[in-house]
Amino acid sequence: MIGRLNHVAIAVRDISAAAALYRDTLGADVSAAVPQQEHGVTTVFVTLPNTKIEFLEPLGENSPIAKFLERNPDGGIHHICYEVDDIIVARDQLKAKGARVLGTGEPKTGAHGKPVLFLHPKDFNGTLVELEQA
Ligand SMILES: C[C@H](C(=O)O)C(=O)SCCNC(=O)CCNC(=O)[C@H](O)C(C)(C)COP(=O)(O)OP(=O)(O)OC[C@H]1O[C@@H](n2cnc3c(N)ncnc32)[C@H](O)[C@@H]1OP(=O)(O)O
Ligand SMILES: [Co+2]
């Protein structure tokens, strides 16, 4: 079911500082910041030869990463995103196996313009898992 590692997400309080750090200290290829209103975050992507790093900063009042940052004030790894061929098939298979799909269960459009879903961290070794349709 899961394929390539699409990205590893790091939640931060200051996405500009995080982007500058990776660009200027690590010499990385860093995108502009993009607000993702539907997801309650602003994103920056760091393009690596074999995957991406996604920086997340809270956006708006009810950001889903706000409490994570209260628990982790310096920031931290927030989720991992795997690619799947068909996100509805994957979702239905996962639900049939008892995994909890977060939100309404219907995919949202993610930062790459593809359908994404999230699986509860308590079901996957304490790690928030995002699925993105390849
Ligand atoms: C668009 C872009 C893209 O890639 O396209 C994105 O990624 S958008 C990325 C932003 N969107 C999302 O993250 C959507 C999915 N996330 C969510 O719905 C929420 O963050 C959540 C339900 C996973 C957790 O929300 P919350 O922290 O307010 O909830 P709680 O405080 O009740 O947390 C419930 C339990 O899960 C744990 N927990 C919470 N967040 C995480 C995490 N990131 N990794 C591992 N464990 C976590 C808490 O410590 C707690 O454990 P204990 O019970 O032991 O204390
Ligand atoms: Co993500």
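As shown above, the structure is provided for reference.
Model, not experiment: these values are computed from the prediction. (Residues numbered from 1 in each chain as written. Chains lettered and ligands numbered in written order. Predicted model: local features only at pLDDT ≥ 70, side-chain atom pairs only at ≥ 80, totals over all residues. Heavy atoms only, no water.)

Draft legend 1. Just the pattern of salt bridges, in detail. Going through the model one piece at a time under the given rule, you end up with 5 salt bridges. One salt bridge connects aspartate 92 with arginine 91, and the closest N-O pair in it is separated by 2.8 Å. Given the relative accessible area of 9%, arginine 91 is considered buried. A salt bridge links glutamate 106 to arginine 91; the nearest nitrogen and oxygen atoms lie 3.0 Å apart. Pair noted here: glutamate 106 is in the loop between α3 (87–96) and β7 (108–109) and arginine 91 is in helix α3, with a separation of 15 residues, a long-range link. One continuous salt-bridge network, built from bridges that share partners, spans Arg91, Asp92 and Glu106. (Salt bridge = Lys/Arg side-chain N within 4 Å of Asp/Glu carboxyl O. Buried < 20%, exposed > 50% of the residue type's maximum accessible area, 1.4 Å probe, protein only. Helix = DSSP H or I, 4+ residues; strand = E, 2+ residues; numbered from the N terminus.)

Draft legend 2. Fine view of the coordination of the cobalt ion (ligand 2). Those donors, His7 (NE2), Glu54 (OE), His79 (NE2) and Glu130 (OE), are the protein atoms that reach the cobalt ion (ligand 2), and they lie 2.1 to 2.3 Å from it. Coordination at the cobalt ion (ligand 2) is octahedral: its 6 donor atoms span angles of 78 to 169° at the metal. Counting along the primary sequence, the residues that act as donors to the cobalt ion (ligand 2) give the motif H-x46-E-x24-H-x50-E. One end of the pair, histidine 7, is in strand β1 (residues 5–11); the other, glutamate 130, is in strand β9 (residues 128–133), and 123 residues separate them in sequence. Both residues of the pair, histidine 7 and glutamate 130, belong to the buried class. (Donors = N, O, S within 2.8 Å, 3.2 Å for Na, K, Ca; no water. Tetrahedral: all angles 85-135°; square planar, octahedral: opposite > 155°, others 65-115°.)

Draft legend 3. Examining the environment of glycine 76 more closely. In this fold, glycine 76 is placed in strand β6 (residues 76–84). Remark: the alpha-carbon pair of glycine 76 and valine 12, spanning 64 residues in sequence, is separated by 7.0 Å.

Draft legend 4. Molecular detail of the site of ligand 1. Lining the immediate environment of ligand 1, one finds 19 residues, of which Glu54, His78, Ala111, Lys122 and Glu130 sit closest. Arginine 71 is positioned with one of its side-chain polar atoms (N or O) 3.0 Å from an oxygen atom of ligand 1. Notes on ligand 1: free accessible area 1,100 Å², of which the protein chains cover 72%. At 3 residues, the largest contribution of residues to the shell around ligand 1 is made by helix α2 (residues 66–71). Looking at the shell around ligand 1 residue by residue, the class counts come to 8 nonpolar, 6 polar and 5 charged. (Near = heavy atom within 4 Å. Polar contact = N/O pair within 3.5 Å; in protein donor to acceptor, adjacent residues only side chain to side chain. Areas by Shrake-Rupley, 256 points an atom, 1.4 Å probe, with all protein chains shown as cover. Nonpolar A, V, L, I, M, F, W, Y, C, P; charged D, E, K, R; others polar.)

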